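# Report on the structure
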Amino acid sequence: MTRESSASPLIFGGDAQSPRAALPVLPPLALYIHIPWCVRKCPYCDFNSHTASLVLPEEEYVDALLADLDQDLHAVYGRELSSIFFGGGTPSLFSAQALGRLLQGVEQRIPFAHDIEITLEANPGTFEQDKFVAYRALGINRLSIGIQSFQPEKLKALGRIHNGDEAVRAAGMARQAGFDNFNLDLMHGLPDQSLDDALNDLRTAIALKPTHLSWYQLTLEPNTVFWNQPPTLPEDDTLWDIQEAGQALLAEHGYVQYEVSAYAQPGRAARHNLNYWSFGDFIGIGAGAHGKLSHPDGRIVRTWKTRLPKDYLNPAKSFKAGEKALTNDEMPFEFLMNALRLTEGVEARLYPERTGMPLESLAESRLEAEQSGLLQVEPSRLVATERGQLFLNDLLQNFLN
């Protein structure tokens, strides 16, 4: 398949007050692969996911993904991949044969780091033990399993297709298949959820001994069923109690919070996501995928791909829907909206290294954020205070031009 991309011109923003330097060292490079199909669209989900037909176009979609990647190769020549993440949708709907052909094609185009992390999102009820074994044999070495809750009434309210027993079995099957590194996705603040309900879900998840837990509050997002037909959610006081008690329970069992909603055993933080949050680079391929690539001359370009699967698979249409080069004015917010999600922030030197902008260009906004008690007074790091973590949007307003 051959396609021409109608790329928009790159705009390299700059001004005399804050020149942007060339980047002496490019950040780590990751690959995000979006597989947009699900068995059923959940009412809270605002991701680019679509109900699958009885037969998925696996072969055609793998061909399209590799052709899409080919169009980005010129920007990453000579670099290697530190991580790959299959997101969706439900990537575990694809066969191991299709994913194997895709991974082989990717490695032929971009070399893999010797310790590459390869994560696959999976949902209970969309796999069998044999499938997990086959995924592990491909070199996929990390799973992220979408549990959300173990309680029947909560799963029903969320529109999930699995039950609590299937969720428990999924974790066991992952371990039996050889995955010694896996994440469980769990929500709190669910419709009519009590403190005890939330903590029981969390205790059940902890008992399965995942190396990583994504534990986050349900939010009502535009363009979802829940947005148009909102369920009854817990009161703010209950949400606060859940958050405090849940964090204490996770810490008690050795899960360290390293990001707003991410908790991991020591040394098991998700490397792919750490790369996002530290302003690393990533290629995005697949329907609706986003990417961000740095160039040695200092340009940093964000891209996004055609959203609808039927358009993405249409040879008459371009894979790329758009691209934008970040300007100097946008750089502080772009960098810090990621870095400040990390509970320990980042070393201050990372800002000039990853953006080409002098650290002094943050001085005025940084001082205001420190005086408001949202940013720690720590010259060698950029890190939110505990209050700043709770009011992250307010903190980021200081850096929004």
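In this convention, every chain numbers its residues from 1, walking through the sequence in written order. Residues qualify for local features only when their pLDDT is at least 70, as the model is predicted, and side-chain atom pairs are given and counted only at 80 or more; totals for whole chains, interfaces and linings, by contrast, use all residues. Values reported for side chains reflect all heavy atoms of the structure, with hydrogen atoms and water molecules removed beforehand.

Runs of H or I in DSSP of at least four residues are treated as helices and runs of E of at least two as strands, each being numbered from the N terminus. Counting its secondary structure elements, the protein contains 15 helices and 16 strands. Each principal axis of the C-alpha atoms in the protein carries an extent, and together these give about 60 × 55 × 45 Å. Per-residue burial for the protein yields a buried fraction of 54% across its 401 residues. Any two residues whose heavy atoms approach within 4.5 Å at even a single point are treated as in contact. Taking as baseline every contact in the protein between residues at least 6 positions apart, the subset at least 24 positions apart corresponds to 73%. When the accessible surface of the protein is summed, it comes to about 18100 Å², and 52% of that surface belongs to carbon and sulfur atoms. Here the protein contributes 34 positively and 51 negatively charged side chains, and the mean placements of these two sets differ by 5 Å. The rule is simple: take the accessible area with a 1.4 Å probe, protein chains only, and divide by the maximum for that residue type; under 20% is buried, over 50% is exposed, in between is partly exposed. Per-residue and other accessible areas follow the Shrake-Rupley method at a 1.4 Å probe size, with only the shown protein chains counted as cover for residues. His is not counted here, nor are the chain ends, while Lys and Arg score as positive and Asp and Glu score as negative. Where a charge lies is defined by one atom per residue type, namely NZ (Lys), CZ (Arg), CG (Asp) and CD (Glu).

Let us now look at the domain arrangement of the protein. Domain annotation for the protein reports domain 1 (29-275) and domain 2 (328-400). A domain assignment, automatic or from a database, supplies the domain bounds used here. Centre-to-centre, using C-alpha coordinates, domain 1 lies 28 Å away from domain 2. Domain 1 puts 7 residues into the contact, and the matching count from domain 2 is 6 residues. For any pair of parts, buried area is found by adding up, for both, the accessible area (1.4 Å probe) each one loses once the two are put together. Interface of domain 1 and domain 2: buried area, both sides summed, is about 560 Å²; carbon and sulfur atoms make up 58% of it.

Here we take up the environment of Gln97. Note that Gln97 resides in helix H2 (residues 96-109). According to the relative accessible area criterion, Gln97 is exposed, its value standing at 65%. For Gln97 and Gly291, which are 194 residues apart along the polypeptide, the C-alpha to C-alpha distance reads 26 Å.

Take Tyr263: it is sitting in strand E10 (residues 262-264). Judged by relative accessible area, which is 1%, Tyr263 ranks as buried. Considered as a pair, Tyr263 and Glu353 are 90 residues apart in the sequence and their alpha carbons are 27 Å apart. Residue contacts for Tyr263: discarding those within four places in its chain leaves His212, Leu213, Trp215, Gln243, Gln247, Leu250, Tyr255, Val256, Gln257 and Tyr258. Here a polar contact means two N or O atoms within 3.5 Å. Within protein one must be a hydrogen donor candidate and the other an acceptor candidate, and residues neighboring in sequence count only if both atoms are side-chain atoms. Side chain to side chain, Tyr263 and Gln247 meet in a polar contact 3.4 Å long.

Attention now goes to the side chain of Arg366. Relative to the elements of secondary structure, Arg366 occurs in helix H13 (residues 363-371). Looking at Arg366, the relative accessible area reads 12%, which means it is buried. In terms of polar contacts, Arg366 uses its side chain to reach the backbone carbonyl oxygen of Glu378, at 3.1 Å. Residue contacts for Arg366: discarding those within four places in its chain leaves Ala348, Leu359, Leu375, Glu378, Pro379, Arg381, Leu382 and Phe399.

Moving on to the packing of helix H1 (residues 58-72) against H2. Running from N to C, H1 and H2 cross one another at 15°; their axes reach a closest spacing of 10 Å. Judged by the inter-axis angle, H1 sits roughly parallel to H2. In the crossing of H1 with H2, the sense of the turn from one axis to the other is right-handed. Taken together, the residues of H2 that come into contact with H1 (itself represented by Glu58, Glu59, Val62, Asp63, Leu65, Leu66, Leu69 and Asp70) are Ala98, Arg101, Leu102, Gly105, Val106 and Arg109. Of the residues belonging to the contact of H1 with H2, the class tally is 7 nonpolar, 1 polar and 6 charged. Here an axis means a line fitted to C-alpha atoms, over the contact stretch when the element is a helix, while the angle between two N-to-C directions is reported on a 0 to 180 degree scale. Each angle gets one of four labels, with under 35 degrees taken as roughly parallel, over 145 as roughly antiparallel, 65 to 115 as roughly perpendicular, and the rest as oblique. Here is the rule for handedness: rotate from the far helix to the near one, and if that takes an anticlockwise turn smaller than a right angle the crossing is left-handed, while a clockwise turn gives right-handed. Only Asp, Glu, Lys and Arg are considered charged, only Ala, Val, Leu, Ile, Met, Phe, Trp, Tyr, Cys and Pro nonpolar, and every remaining residue, Gly among them, polar.

When the centres of two rings from Phe, Tyr and Trp lie within 6.5 Å, Trp using its six-membered ring, the rings pair. Their planes under 30 degrees apart give stacked, over 60 give edge-to-face, and anything left gives tilted. If you walk through the whole model with that rule in mind, you get 12 aromatic pairs. Each ring, one from Trp215 and one from Tyr263, has its centre 6.3 Å from the other, and the planes form 65°; the classification is edge-to-face. One end of the pair, Trp215, is in strand E8 (residues 212-217); the other, Tyr263, is in strand E10, and 48 residues separate them in sequence. Criterion for a charge above a ring: Arg CZ or Lys NZ at most 6 Å from the ring centre, at most 35 degrees from the ring normal. Geometry around Phe179 places Arg136 over its ring, the cationic atom sitting 5.8 Å from the centre. Across the ring face of Phe279, the terminal group of Lys292 is positioned such that the distance to the ring centre comes to 3.8 Å.

Okay, the state of the cysteines next. Throughout this description, disulfide means a covalent bond between two cysteine sulfur atoms. Whenever a pair of cysteine sulfur atoms sits within 2.5 Å, that pair is classed as a disulfide. Scanning the entire structure with this criterion turns up 0 disulfides. Take Cys42: it sits in no disulfide, and the sulfur closest to it among the cysteines is that of Cys45, at 6.3 Å. Of the residues examined, Cys45 reaches a relative accessible area of 14% and is grouped as buried.

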